[in-house]
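Observations on the three-dimensional arrangement
Here is how the chains run, residue by residue.
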Amino acid sequence: MRKTTIASPVWGRVPVHTCHTLVIGSGAAGLNAAVQLRRLGIDDLVIVTEGLDQGTSINTGSDKQTYYKLGLCGANGDSPRELADTFFDGGSMHGDLALAEAANSARAFLSLVDLSVPFPRDRFGQFVGYKTDHDPRQRATSVGPYTSREMCRALIAEVRRLGIAVHEGRTVVSLLSQPAPAARAAGALALDAGGRAVVYLAANTVIAVGGPGGLYRTSVYPTCHTGGIGLALEAGALAQSLPESQYGLASIGFRWNVSGTYMQVIPRFVSTAADGVSDPREFLLPWFDTPSQAFDRVFLKGYQWPFDTRKMAGGSSLVDILVYIENVARGRRVFLDFRANPEGFDFARLGAEASDYLRKSGATDGAPLDRLRTMNPGAIQLYLDHGIDLGREMLEVAVCSQHNNGGLAANEWWESLNLPHLFPVGEVNGSHGVYRPGGSALNSGQVGSLRAAEYIAARCRENDLDRRAARKTAAAALDTAAAWLELGAQSRRDWRAERAELQARMSAAGAHIRSALTVRNAVTEARAQWQRLARQGCRFAGEAEKADAMRTRSLAFAHFVYLDAIAFAIAGGLGSRGSALVQSAGGQIIHPKLPGEWTFQPENPLFREQVLETLPRSDGTIDHRWVPRRPIPETDLWFETAWAAYRAGRIYDRNGNAPKEPQPNS
Ligand SMILES: Cc1cc2nc3c(=O)[nH]c(=O)nc-3n(C[C@H](O)[C@H](O)[C@H](O)COP(=O)(O)OP(=O)(O)OC[C@H]3O[C@@H](n4cnc5c(N)ncnc54)[C@H](O)[C@@H]3O)c2cc1C
């Protein structure tokens, strides 16, 4: 890595690090990208990150955090094609991405095993598995509640062992991209903890900034994680499937999915007045013919965790709607109480699925907390570790945003479709479609980072960045950032107020309950907020908050783009699908007792064969279009010819193009 400087009238002498490949973000995906790049001989590389302890991967988990992969045990056959079919069947996912995620699944997984991530195996080395949501087989595995944390720890150890440079305490505030006709990514502008600018010029930029956690108020993303997709959207990177996200029931004091055993032990669902104490009511029972019907739905939520529009009428996702109504429509607070059985609870009257499971688990007696202690004592300890004693208090919950299936659009080597040399990997890459098997996010992050590294090593090994042009781009970005921050001094609103506004809007209009009118209005407000921020900036206290202010601007643009994509999809007749319900007067009834607005527009299944692309521009115009999804490729698997193609490096060609000629540095 070369270090020079740029002189700026506002920023002073700004350090400029020039390298072959810049990795932004140190979650499971970014770390793996760096490790794989180094293994493939790319030595001139740096990870720039808010911190090795930041992001979703190292700060989150769930009851049994799942890693979904190719089946590697037992007598039930599995193959890349069968796994690709499962991914593809989720709808609105490109077939080449499904095949790549499937074909590289074992390789990426075993790389983690080799780094000592303790994925369970039997005495013969079979990686035992279980079934997860949207999973026809036992492909899922886990190392416990903190699978992604263990992955990060193993990858961090490897990053250290390999001596890869890590610049922590840096927030990237804009991506550097060179304009058409030679448009390409060229690095990034970051601010350090003291608000000082640092420039990174790179021939390749791997963007691994995670999901859009900072977009929502009601969220189970770790509080420290805001995400950075807005950076790429501001740079004009093509996105896809932005409306497809996953929402589900989670505790909000300490953010954690209340899936698995938390539901299977059938706690009481209690709502209270806004003070969290007065007027407690068990609110589920009136909606069901018998108490046991309610309890069976709660039990099912254990492994039907995400809110799913196919499971509303008579299914377990009705529970999410009832929680939402208490929370949002009635302004009450919702809690799970594990200390006593729900009113009318009678083990003998539970449905067969719940009672068999609990009986086999030896958890038939006592209160929900006793059953939890029998089935999963760690689940109680987890909350104790975060200051919540389930034996003494109720657990506040809400239906939270958890994962974005959409994100930036990239090809089968994880390179942006319209910004060459930008490689979105991990959750910021929108490879998934409507439904994805639980645990496939981690698979996708590992596969995508591996693929990007392989492609960079094979096809972008020459450092062909025009450094002079890149320095000019960096100088312009420094000026723009300085001018915008300057505006903030005069602004009436600070970044916290601006961020709270956009987060509230996203949770109200762009989360799991949507309607054409609400989203249309939200788009108008979102555009106005973004324009106001662009014109007036926002206040921030001192140098250390400069990054927060700039991040808020980026989030504002991202929320505008997301809402616009959602509005476009609804206006085009997409209907309700995945984890998003579209309310519509006169639509299908979810439950006869629910008020009039709780009818919904059914899904138009034709859209499953298409993918929604979104092209944002810096002037605020946004184009959306549905493109037919690419089918799962039928490849030449005849060994001799496939080997020849591999030897000749044709596997990296796109659309039959010849390899790129390396260009000289200027
Ligand atoms: C509660 C919960 C449970 C989940 N359970 C599962 C599960 O069971 N199975 C599964 O497959 N998936 C699960 N997921 C999803 C999965 O954990 C994430 O998709 C995955 O960890 C994301 O990894 P990543 O590397 O893409 O991003 P992250 O781990 O979020 O890392 C992003 C990195 O980018 C850095 N960064 C961001 N912005 C900037 C910036 N501007 N400048 C510098 N650095 C920046 C962050 O600091 C961080 O280092 C769950 C998610 C949640 C929230």
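Residues numbered from 1 in each chain as written. Predicted model: local features only at pLDDT ≥ 70, side-chain atom pairs only at ≥ 80, totals over all residues. Heavy atoms only, no water.

Observations regarding the overall build of the chain
Selection rule: Numbering goes from the N terminus for both helices and strands, where a helix is a DSSP run of H or I of at least four residues and a strand is a run of E of at least two. Radius of gyration: C-alpha atoms only; globule rule: 2.2 Å multiplied by the number of residues to the exponent 0.38. Relative accessibility thresholds used throughout: buried, under 20% of the residue-type maximum; exposed, over 50%; partly exposed, between the two (1.4 Å probe, protein chains only). Here, residues are in contact when the closest pair of their heavy atoms is within 4.5 Å. Using the Shrake-Rupley algorithm and a 1.4 Å probe, accessible areas are obtained, with residue cover drawn only from the displayed protein chains. We count Lys and Arg on the positive side and Asp and Glu on the negative side, and we leave His and both chain ends out. Lys charges are placed at NZ, Arg charges at CZ, Asp charges at CG and Glu charges at CD.
In terms of helices and strands, the chain carries 18 helices and 23 strands. Taken against the 2.2 N^0.38 rule, which gives 26 Å for 666 residues, the C-alpha radius of gyration of the chain at 25 Å falls within 12% of a compact globule. Dimensions of the chain, computed from C-alpha atoms along their principal axes, come out at roughly 80 × 65 × 45 Å. Within the chain, the proportion of its 666 residues that are buried is 61%. Long-range pairs, those at least 24 residues apart, make up 74% of the contacts in the chain with a sequence separation of at least 6. Carbon together with sulfur atoms contributes 52% to the accessible area of the chain, which is approximately 25,500 Å² in total. Here the chain carries 72 positive and 68 negative side-chain charges, and the mean point of each set is 3 Å from the other.

Let's talk about the sheet that holds strand E13 (residues 268-272)
Paired through their backbone hydrogen bonds, the strands of a sheet run either parallel or antiparallel. Heads up, the condition is: The rule for pairing is simple: two strands pair if DSSP sees at least two bridges between them.
Strand order in the open sheet made by the 6 strands is E12-E11-E16-E15-E13-E14, with antiparallel pairing throughout. Each edge of the open sheet is held by one strand with a lone partner, namely strand E12 (256-257) and strand E14 (281-282). As paired elements, strand E11 (residues 245-251) and strand E16 (residues 395-404) share 7 bridges and run antiparallel to each other. Counterpart to Gln 246 in the pairing with E16 is His 403.

Description of the confidence of the model for the chain
The condition is simple: Here pLDDT means the predictor's own confidence in every residue, given as a number from 0 to 100.
Taken residue by residue, the chain gives an average pLDDT of 95. The fraction at 70 or more is 98%. Here residues 656-666 is modelled with pLDDT under 50, and outside its nearest four sequence neighbours on either side it reaches 16 contacts, counting other chains as well.

Some remarks on the site of the ligand
Test applied: Nearness is defined per residue: one heavy atom within 4 Å of the molecule or strand is enough. In protein, a polar contact requires one atom able to donate a hydrogen and another able to accept it; more generally it is a pair of N or O atoms within 3.5 Å, and residues adjacent in sequence count only if both atoms are side-chain atoms. Charged means Asp, Glu, Lys or Arg here, nonpolar means Ala, Val, Leu, Ile, Met, Phe, Trp, Tyr, Cys or Pro, and polar covers whatever is left, Gly included.
If you check the shell around the ligand, you find 37 residues, and the closest are Glu 50, Thr 56, Ser 57, Thr 66 and Glu 427. One nitrogen or oxygen atom from the main chain of Ser 26 is found 2.9 Å from an oxygen atom belonging to the ligand. Note that an oxygen atom of the ligand is positioned 2.6 Å from one of the side-chain N or O atoms of Glu 427. Elements represented by at least two residues in the shell around the ligand include exactly helix H1 (28-39), strand E7 (170-178), E16 and helix H13 (440-459). Tallied by class, residues from the shell around the ligand come to 9 nonpolar, 24 polar and 4 charged.

Overview of the packing of aromatic side chains
In plain terms, the rule: Here a Phe, Tyr or Trp ring, Trp counted by its six-membered ring, pairs with any other such ring whose centre lies within 6.5 Å, and the pair is stacked when the planes are under 30 degrees apart, edge-to-face when over 60, and tilted otherwise.
Evaluated as defined, the whole model comprises 25 aromatic pairs. Where Tyr 67 meets Phe 109, the ring centres are 5.5 Å apart and the plane angle is 50°; that geometry is what we call tilted. A residue pair is termed long-range when its members are at least 10 positions apart, and Tyr 67 in strand E4 (residues 67-68) and Phe 109 in helix H4 (residues 105-114) qualify at 42 residues. Each member of the pair, Tyr 67 together with Phe 109, is buried. Each ring, one from Phe 254 and one from Trp 256, has its centre 5.5 Å from the other, and the planes form 20°; the classification is stacked.

Topic: a nonpolar patch on the surface
We count it as follows: Each patch is built from residues lacking any salt bridge and having more than 30% relative accessible area; the joining distance is 9 Å for like charges and 5 Å for nonpolar side chains (Val, Leu, Ile, Met, Phe, Trp, Tyr). Salt bridge criterion: a side-chain nitrogen from Lys or Arg within 4 Å of a carboxyl oxygen from Asp or Glu.
The grouping of Phe 639, Trp 643, Tyr 646 and Ile 651 at the surface amounts to a nonpolar patch, some 450 Å² of accessible area in total. By the secondary structure assignment, Ile 651 is in the segment after helix H18 (639-647).

Points about the sheet that holds strand E21 (residues 599-600)
Here we have 3 strands laid out as an open sheet, ordered E19-E20-E21, and mixed in their pairing. The open sheet has two edge strands, strand E19 (513-515) and E21, and neither has a second partner. Relative to strand E20 (residues 581-589), E19 runs parallel, the two sharing 3 bridges. Across the sheet, the residue bridging to Ile 513 is Leu 581, located in E20.

With respect to the nonpolar core
Applied cut-off: Grouping buried Ala, Val, Leu, Ile, Met, Phe, Trp, Tyr and Cys residues that are joined through side-chain atoms within 4.5 Å yields what is termed a nonpolar core. The domain boundaries here were taken from an automatic or database domain assignment.
In this structure, Tyr 262, Phe 269 and Tyr 383 are the most contacted members of the largest nonpolar core, which totals 140 residues. A per-element tally of this core places helix H17 (residues 546-571) first, with 16 residues. If you count residues domain by domain, this core takes at least three from each of domain 1 (247-401) and domain 2 (491-608). When sequence neighbours within four positions are dropped, the list of residues in contact with Tyr 262 reads Asp 63, Trp 256, Asn 257, Pro 267, Phe 338, Leu 372, Ala 379, Leu 382, Tyr 383 and Leu 390. If you look at the next biggest cluster of nonpolar residues, it comprises 46 residues, including Val 113, Leu 155, Ile 156 and Cys 460.

Focus on the environment of Asn 604
Relative to the helices and strands, Asn 604 resides in the loop between E21 and strand E22 (610-616). For the pair formed by Asn 604 and Gly 573, sequence separation is 31 residues and the distance between their alpha carbons is 6.8 Å. A polar atom in the side chain of Asn 604 sits 3.0 Å from the backbone nitrogen of Leu 606.

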